[in-house]
Amino acid sequence: MDDFKFKKAFGQNFLKDNNVITNIVKGSNIKPNSLVIEIGPGSGVLTKELSLYAKNVLSYEIDTRLEEILDENLVDCKNVKIIFDDFLKRDVKEDIKDYEI
């Protein structure tokens with residue numbers, strides 16, 4: 001991840017501080033039966049933590065260069081789905097139709 005070249009066009013800033021990640025998740029009051037939608041999972045560190053609290057996590061990542069990194073970092077997160085596409089061009093209602101919400 002250290003050699004990853006950020007794209008300014010995507011406004012990429014990746015979380016690294018575990019205290020910040022924990023505070024975000026705990027402050028979100030996620031219920032165990034929740035579907036969490038995340039836009040821009042980056043390297044997946046927040047995604048991984050979200051997966052511990054939510055029933056499902058649906059993440060949208062526009063940068064396909066992150067696919068291998070996310071696959072590796074989230075291999076044990078069976079309740080996470082990553083859609084590699086522009087969130088603004090997605091039909092979110094269609095994307096979530098198979099989830100119980």
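Reading the values: rules and limits
Residues numbered from 1 in each chain as written. Predicted model: local features only at pLDDT ≥ 70, side-chain atom pairs only at ≥ 80, totals over all residues. Heavy atoms only, no water. Salt bridge = Lys/Arg side-chain N within 4 Å of Asp/Glu carboxyl O. Buried < 20%, exposed > 50% of the residue type's maximum accessible area, 1.4 Å probe, protein only. Helix = DSSP H or I, 4+ residues; strand = E, 2+ residues; numbered from the N terminus. Polar contact = N/O pair within 3.5 Å; in protein donor to acceptor, adjacent residues only side chain to side chain.

Draft legend 1. Quick peek at the pattern of salt bridges. Per the stated rule, a full pass over the model turns up four salt bridges. The salt bridge involving Asp63 is made with Arg65; its shortest N-O contact spans 2.7 Å. Close ionic contact of Asp95 with Arg90 constitutes a salt bridge, the shortest N to O distance being 2.6 Å. Among the residues examined, Arg90 registers a relative accessible area of 28% and is labelled partly exposed. Through salt bridges with shared partners, one network takes in Asp85, Arg90 and Asp95.

Draft legend 2. Just the environment of Lys78, in detail. Structurally, the position occupied by Lys78 is in the loop between helix H3 (67–73) and strand S3 (80–84). Relative accessible area serves as the criterion here: at 73%, Lys78 is assigned to the exposed category. Distance in space between the C-alpha atoms of Lys78 and Ser51 is 8.5 Å, their sequence separation being 27 residues. At 3.0 Å, the side chain of Lys78 and the backbone oxygen of Val75 are in polar contact.

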